[in-house]
Amino acid sequence: MPKTNDRPDCGGIKWRHRLSVRLGVVFSVFSVLIFGMTLGYNYYQARNMITAKMEIQARNLVSATAGRVETVVASVTALTESMALSLELFPFNNTHLLDFIKISVLSHPDVFGSAVAFEPSVNGRFQGPYAPYYYRTRSGTEFINLADNFDYMCRDWFQIPKELGKTEWSEPYYDEGGGNILMATCSVPFYEVQNNQKRFSGIVTADISLKRLTDIVSSIKVLKTGYGFLLSRNGTFLAHPRQDIIMNESLFSLAEARGSRELRDIGRRMAAGESGFIPFQTFAGVQSWMYYAPLQHVGWTLGVVFPEDELFSDIRTLTMTMAAMGFGGVLLLMIVVVFIAKSVTNPIRALAAASDKIAGGDFEARLPESRSKDEVGLLTRDFQVMRDSLKDHIQLLTETTAARERMESELQIAHDIQMSILPKTFPPFPTRDEFDLFALIIPAREVGGDFYDFFQLNDNLLCFVIGDVSGKGVPAALFMAVTKTLIKSFAKEDVTPEEILSHVNEELAAENDACMFVTLFCGFLNTSNGEIHYANAGHNPPLVVNKNGTVKWLPRAKSLVAGAMPGIRYEGEHLKLLPGDSLFLYTDGVTEAMNHDDDLFSEKRLEKDLAFSAGLEIKDTLHNVMGSIQQFSDGAPQTDDITMMMIRYSG
């Protein structure tokens, strides 16, 4: 089958996955984001600046317009108060009084009409109620006696200043039976002194045509559709571009009709004489800004409305223009970035295509020529070095792998040979009922230094041995094989275990340049009476397991290990097994097995497991111990050979 390559062909990369496109998109996205944030911040700050400046201009505009209205109101107030003072100081007859009123109207262009309304109860100069009134007409002036048309003493412009005893401006009203126009009246009480007592004599009035004030307010020009308006003390519209609401609607009635709590709150602030610059929705639903301020003399409110669309139209147009220019610039920049990125990525793509061939095993694949001295050129030259180094490394790796496979094969053969020299058939003496024996070995590597052996010297004498060679691997395995061979060659029924160990020690110590040694436990079991004659060359002490579950350790070895030095003499010991007793032998790989926390399996755990398994067959006992070791290790790597042997005497 042809060799497949899981890597995608560099030429087959989708356009949206290419580095040049991704770089251009990322650069454009972040550019748009930064530009959009900057543009939004500039627009927000520009709105705030325009709003702040517009508030100042609105305040100035309202102040200027209010000044014009206040000038008219103040001059009319001053005229009225001057007329009242003249009436208190000089006794006018009817002719002089009429001339005085007429001249006052004609001399003041802002005054529509003027009257002197006498209090009948104190009027000694004129008969009954008398209120002479002059007002302007197109041809000049007209005169009427207000008392002939209505009871003037019931009118607000008469009653309120009489009761308060001070100058008062009336709410705008239609003067039916008088001037017959919409007007506002300034009323000033005047008095006469008799017998050192001040007595109310009447009211002097001066009227202002509401059209005069409307003309002043209508002269306010704000942007294209902005306008000014004038409210009375109770919120009634006195001047507004919509003629249908003048004197017919108030701010509170419109708020009620629209269900607008916000508009009602604005009306309350205006009635309280406050001023402010607030967002406002006109009666036509146009979002706007409004500035309002009070007229101090009359308690009215003057306001100016600025449509928001017109207010911010210039900055909005400028922002949209800047946005269009910015996005166009970003688009152009993206094209430039993609073009530059492609000039960089094209050599990389060619290099990637060549690397695909190298990855497929073609180490003769031609790399693109390196003409530039930038990072791409450096990368190409490094790829050339890498290709040559990889070719040499793979050749070396192939040779090393072949050598390692040969070594592993040889080690496996050595393992098989080592295991073949150890007894593996159990039970080893099926015709002998007076004893039973079982052993197992688990090397830490392919070959190891642990071993065991057993054989009969005669019908009643069984020789058994267990050993542990220092070190691991092939040297330990060879040393073990020599030791096992020496023991078997020296073991005779007329030779004691201590003599066997002495002979073995002398042979191993001779010309031992590697300074290796072995721990040994060698014993003879008399199968007729259960007596054991043994010698220990530095090996772990075995354990005696009684049939009732009691576990007892044999004394520790007093002699040195075998093979370390010549001339060592070993002492023999004796032990008697009762029917049902067992002897357990092992190497240090059992008690020194470790878990992931580097804790040791320990002699205590071994003793506990043997006591627990006392009633089992010796084969099951060894497998239980091995299972406990594996459970304790919990997958931790084995660091030493594990060897166990158990002999049970049946009698």
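This is a predicted model, so every value here is computed, not measured.

About the cut-offs
- Residues numbered from 1 in each chain as written.
- Predicted model: local features only at pLDDT ≥ 70, side-chain atom pairs only at ≥ 80, totals over all residues.
- Heavy atoms only, no water.
- Helix = DSSP H or I, 4+ residues; strand = E, 2+ residues; numbered from the N terminus.
- Rg over C-alpha atoms; globule rule 2.2 N^0.38 Å.
- Buried < 20%, exposed > 50% of the residue type's maximum accessible area, 1.4 Å probe, protein only.
- Contact = heavy atoms within 4.5 Å.
- Areas by Shrake-Rupley, 256 points an atom, 1.4 Å probe, with all protein chains shown as cover.
- Lys, Arg positive; Asp, Glu negative; His and termini not counted.
- Charge placed at Lys NZ, Arg CZ, Asp CG, Glu CD.
- Domains from an automatic or database assignment.
- Pairing = 2+ DSSP bridges.
- Axes fitted to C-alpha atoms, helices over the stretch in contact; angles between N-to-C directions.
- Parallel < 35°, antiparallel > 145°, perpendicular 65-115°, else oblique.
- Left-handed = near helix turned anticlockwise from the far one by under 90°.
- Phe/Tyr/Trp six-rings, centres within 6.5 Å; stacked < 30°, edge-to-face > 60°.
- Lys NZ or Arg CZ within 6 Å of the ring centre and 35° of its normal.
- Arc of directions from axis to C-beta.

What to know about the overall build of the chain
Check the secondary structure of the chain and you find 15 helices and 22 strands. Taken over C-alpha atoms, the radius of gyration comes to 62 Å for the chain, far larger than the 26 Å a tight globule of 651 residues would show. Across its three principal axes, the chain shows a C-alpha extent of roughly 180 × 75 × 40 Å. Residues classed as buried in the chain amount to 45% of the 651 residues present. Restricting the contact set of the chain to residue pairs at least 6 apart, pairs at least 24 apart contribute 63%. Summing over all exposed atoms, the chain offers an accessible surface of approximately 34,600 Å²; the carbon and sulfur share of this is 56%. Across the chain, 60 positive and 78 negative side-chain charges occur, with their mean positions spaced 11 Å apart.

Brief notes about the domain arrangement of the chain
Assigned domains of the chain: these are domain 1 (91–212), domain 2 (220–310) and domain 3 (421–649). The C-alpha centroid of domain 3 is placed 112 Å from the C-alpha centroid of domain 2.

Looking at the sheet that holds strand 14 (residues 450–458)
With antiparallel pairing, the five strands of this open sheet are ordered in space as 14-15-16-17-20. Edge strands, defined here as strands with exactly one partner in the open sheet, are strand 14 and strand 20 (572–576). Across the sheet, the axes of successive neighbouring strands diverge by a mean angle of 20 degrees, strand direction being ignored. Judged from the eight bridges that link them, strand 14 and strand 15 (residues 461–469) form a sheet pairing that is antiparallel.

With respect to the packing of helix 11 (residues 473–490) against helix 12 (residues 497–509)
In the contact formed by helix 11 and helix 12, the axes pass within 9 Å of each other and the chain directions differ by 140 degrees. In terms of axis orientation, helix 11 runs oblique to helix 12. As helix 11 runs across helix 12, the sense of the crossing is right-handed. Each of Phe 479, Val 482, Thr 483, Leu 486, Ile 487 and Phe 490 in helix 11 lies in contact with helix 12, whose residues at this interface are Ile 500, His 503, Val 504, Glu 507 and Leu 508.

Considerations on the pairing of strand 1 (residues 113–118)
Summarising burial for strand 1: six of the six residues are buried, a large majority. The alternating pattern of strand 1 places Gly 113, Ala 115 and Ala 117 and Ser 114, Val 116 and Phe 118 on opposite faces, both of which are buried. Across six bridges, the pairing between strand 1 and strand 7 (residues 197–209) is antiparallel. Bridge pairing in strand 7 places Ala 117 opposite Ile 203. For strand 1 and strand 2 (residues 132–137), the ladder comprises three bridges, and the chain directions are antiparallel. Paired with Ala 115 across the bridge in strand 2 is Tyr 133.

Quick word on the side chain of Ser 470
On the secondary structure map, Ser 470 appears in the loop between strand 15 and helix 11. Setting aside anything within four residues of it in sequence, one finds Ser 470 in contact with Ala 476, Met 516 and Phe 517.

Some remarks on the packing of aromatic side chains
The final tally for this structure, using the stated rule, is 24 aromatic pairs. With a centroid separation of 5.2 Å and 20 degrees between ring planes, the pair formed by Phe 277 and Trp 289 is classed as stacked. In this pair, Phe 277 is assigned in strand 10 (residues 276–281) and Trp 289 in strand 11 (residues 287–295), connecting sequence segments 12 residues apart. Above the ring of Phe 150, the side-chain terminus of Arg 155 is found at 3.9 Å from the ring centroid. Just above the ring of Tyr 191 sits the side chain of Lys 198; from NZ or CZ to the centre is 4.5 Å.

Digging into helix 5 (residues 210–218)
Side chains that are three or four residues apart share a direction in an α-helix, a result of its 3.6 residues per turn. Along helix 5, the positions that sit buried rather than exposed are Leu 210, Leu 213, Thr 214, Ile 216 and Val 217. Here the buried residues of helix 5 occupy an arc of 160 degrees about the axis, which is enough to place them on one side.

Observations concerning unusual backbone geometry
The omega torsion across Phe 426 and Pro 427 is -5 degrees, close enough to zero to call that bond cis. With respect to the element layout, Pro 427 can be found in the loop between helix 10 (375–420) and strand 13 (435–442). With phi around 55 degrees, Glu 511 is a residue other than glycine that occupies positive phi space. As for its placement among the helices and strands, Glu 511 is situated in the loop between helix 12 and strand 16 (518–526).

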